[in-house]
Amino acid sequence: MAFLNEIIYLDNSATTRPCARSVEAVTRSLTENWGNPSSLHRLGMEAELDVTAVREAIAKRLHCTPAEIYFTACGTESNNTALLGAAHKNRKRGKRIVSTAVEHPSVLETLKRLEAEGFEVVLLPPEKNGVVSVDALNAAITPDTILVSMMLVNNENGAIQPVADARKRIKQVGAPALLHCDAVQAFGKLPFTAEKLGADLISASGHKIHGPKGIGFLYVKKGVVLPPLLTGGGQERNMRSGTESTPLIMGLGGALADLPDLATQLTKMTELRDYAVRRLQGTGVVEINSAPESLPYILNISVPGYRSETLLHFLESRNIFVSSGSACAKGEGSYVLKACGFDRRRIDSALRISFCRDNTAEEIDRLAEALVAATQKLRKA
Ligand code: PLP
């Protein structure tokens, strides 16, 4: 598909383009090393070695042990496993679960399930900058709280949540709570270790970092034992039955091996995002919704007076790909921007621009020009 080389892809929080190293690793697994890691013969052992190497690579990044990493099919599965597992494990110790109003649907919908089971769920609203206040967090985490779930980076506006403060408060009040962190938009972008984050459970996903879709992992701190979501053959040390998806695990490994130094890349992304803010504000038609302290990989903007979907398709006609809110929100007004206190006009005209290491300032120029053209050609909503 030659056209793929001509597109301006600014929807990297929805998914990223798999890197060559990831594609090669998937292919090698499918064509050469396709044994079942559970088989006792040589082919099985060779596949097992591949899986172990990727587990070790993840552990190295999080500064944890490989035994604390469990492969799943996606970030959604990691979040479901963590929340359902932690709540059910702790059910005899209390009912209170604390989370935020801006979590991904894979957390919010799972919390609704737990609420229907009788758990008490408290969702903290963010401030205008998208971040939940530490005071509100401290007030919400009580001695009877059994689970706290807080994303590290929000998928719509890039806001970075005070996860380590949740750990401090859990300790301070002596709550039995396990701390879960949805790090799907942070892993491979924002440098962090499991210990510094302070979470017992951390979710991540391969396709957000130039790996394949259908592979994720859950970090489970040593000593924490959760009831599994999938039962069966006992793979992943009984945490996640089902034959390991060796091609996708290998693809994740390829993506990890290709990651640049995260701190250096973060500086570059901050420069690119700051350029985008200046350039887009300079058009006179764009308002910026992400706070400057947000992760620079995600920039939420509005073009007041024009509907998100209409803008999105106008940009698409110029081969520029962005998202209206989050890819999951499919046409609904963003509950994240709403929770941050933005008005209807701003919400209805919001676009999420999300970057990766391949984006350039020239692409931002094209975006800015296209948005100006959109306001000249499209009828106001
Ligand atoms: N959590 C966050 C913050 C996300 O942005 C996403 C995907 O967009 C997910 C979880 C779900 O990840 P996956 O697509 O791997 O299920």
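Above this text sits the structure in question.
What you see is a predicted model; the values in this text were computed from it and never measured.

Chemist: Hey, could you go over the overall build of the protein for me, with residue numbers and the actual values?
Modeler: Across its full length, the protein holds 13 helices and twelve strands. Its C-alpha atoms give the protein a radius of gyration of 21 Å, within 12% of the compact-globule value 21 Å for 381 residues. Projected onto its principal axes, the C-alpha coordinates of the protein cover approximately 65 × 55 × 35 Å. Looking at the protein residue by residue over its 381 residues, the buried ones come to 57%. Taking as baseline every contact in the protein between residues at least 6 positions apart, the subset at least 24 positions apart corresponds to 74%. Charge centroids of the protein, computed over 45 positive and 41 negative side chains, lie 3 Å from each other.

Chemist: Quick rundown of the pairing of strand S10 (residues 298-302)? Include the residues and the values.
Modeler: Burial runs high along S10: five of the five residues are buried. Neither face of S10 is exposed, since Ile298, Asn300 and Ser302 on one face and Leu299 and Ile301 on the opposite face are all buried.

Chemist: Just give me the short version of the environment of Val107, but keep the residues and values in it.
Modeler: Structurally, the position occupied by Val107 is in helix H4 (residues 105-116). Classification of Val107 as buried rests on a relative accessible area of 0%. Setting aside its immediate chain neighbours within four residues, Val107 contacts Asn79, Leu83, Ser99, Ser149, His180 and Asp182.

Chemist: Residue-level account of the pattern of salt bridges, with values.
Modeler: Under the counting rule described, the total for this entry stands at 18 salt bridges. Close ionic contact of Asp50 with Arg28 constitutes a salt bridge, the shortest N to O distance being 3.1 Å. With Asp50 in helix H2 (residues 42-62) and Arg28 in helix H1 (residues 20-31), this residue pair connects regions lying 22 residues apart in the sequence. Accessibility expressed as a relative area gives 14% for Asp50, which makes it buried. Notably, a salt bridge pairs Glu117 with Arg91, separated by 3.2 Å at the nearest N-O pair. With a gap of 26 residues between them, Glu117 in the loop between H4 and strand S4 (120-124) and Arg91 in the loop between helix H3 (75-89) and strand S3 (96-100) connect regions that are remote in the sequence. Taking the relative accessible area as the measure of exposure, Glu117 reaches 36% and is therefore partly exposed. What makes Arg91 partly exposed here is its relative accessible area of 42%. Linked by salt bridges that have partners in common, Arg21, Asp258 and Arg357 make up one network.

Chemist: Which residues make up the site of the ligand, and what values go with them?
Modeler: Taken together, 14 residues lie around the ligand, and Thr76, Asp182, Gln185, Ser205 and Lys208 are the ones closest in. Asp182 has a polar side-chain atom sitting 2.6 Å from a nitrogen atom of the ligand. A distance of 2.9 Å is found between an oxygen atom of the ligand and a side-chain nitrogen or oxygen belonging to His207. The protein chains hide 90% of the 390 Å² of surface that the ligand would expose on its own. Among the elements that line the shell around the ligand, the one with the most residues is H3, at three residues.

Chemist: Tell me about the sheet that holds strand S12 (residues 350-354), and name the residues and values.
Modeler: Read from one edge to the other, the open sheet built from three strands follows the order S9-S10-S12, with strand pairing classed as antiparallel. Each edge of the sheet is formed by a strand with only one pairing partner; in this case those strands are strand S9 (287-288) and S12. Of the strands in this sheet, S9 and S10 are in contact with helix H9 (residues 262-282), which crosses S10 at around 10 degrees.

Chemist: Just give me the short version of the packing of H9 against helix H13 (residues 361-377), but keep the residues and values in it.
Modeler: Contact geometry for H9 and H13: axes closest at 10 Å, N-to-C directions at 25 degrees. In terms of axis orientation, H9 runs roughly parallel to H13. Crossing angle aside, the handedness with which H9 passes H13 is right-handed. Contact residues: H9 offers Leu272, Tyr275, Ala276, Arg279 and Leu280, while H13 offers Ala361, Ile364, Asp365, Leu367, Ala368, Glu369 and Leu371. Its residues assigned to classes, the contact of H9 with H13 shows nine nonpolar, no polar and three charged.

Chemist: Could you give me a rundown of the sheet that holds strand S6 (residues 178-182), with the residues and numbers involved?
Modeler: If you trace the seven strands from one edge of the open sheet to the other, you get S2-S8-S7-S6-S5-S3-S4, paired in mixed fashion. The open sheet has two edge strands with one neighbour each: strand S2 (69-72) and S4. Between one strand and the next, the sheet's axes are offset by a mean angle of 20 degrees, whatever the strand orientation. Note: strand S5 (residues 145-149) against S6, three bridges, orientation parallel. In the sheet register, Ser149 faces S6, and the bridge partner there is His180. Here H2 sits on the sheet in contact with S2 and strand S8 (216-220), set at roughly 120 degrees to S2.

Basis of the calculations
- Residues numbered from 1 in each chain as written.
- Predicted model: local features only at pLDDT ≥ 70, side-chain atom pairs only at ≥ 80, totals over all residues.
- Heavy atoms only, no water.
- Helix = DSSP H or I, 4+ residues; strand = E, 2+ residues; numbered from the N terminus.
- Rg over C-alpha atoms; globule rule 2.2 N^0.38 Å.
- Buried < 20%, exposed > 50% of the residue type's maximum accessible area, 1.4 Å probe, protein only.
- Contact = heavy atoms within 4.5 Å.
- Lys, Arg positive; Asp, Glu negative; His and termini not counted.
- Charge placed at Lys NZ, Arg CZ, Asp CG, Glu CD.
- Salt bridge = Lys/Arg side-chain N within 4 Å of Asp/Glu carboxyl O.
- Near = heavy atom within 4 Å.
- Polar contact = N/O pair within 3.5 Å; in protein donor to acceptor, adjacent residues only side chain to side chain.
- Areas by Shrake-Rupley, 256 points an atom, 1.4 Å probe, with all protein chains shown as cover.
- Pairing = 2+ DSSP bridges.
- Axes fitted to C-alpha atoms, helices over the stretch in contact; angles between N-to-C directions.
- Parallel < 35°, antiparallel > 145°, perpendicular 65-115°, else oblique.
- Left-handed = near helix turned anticlockwise from the far one by under 90°.
- Nonpolar A, V, L, I, M, F, W, Y, C, P; charged D, E, K, R; others polar.

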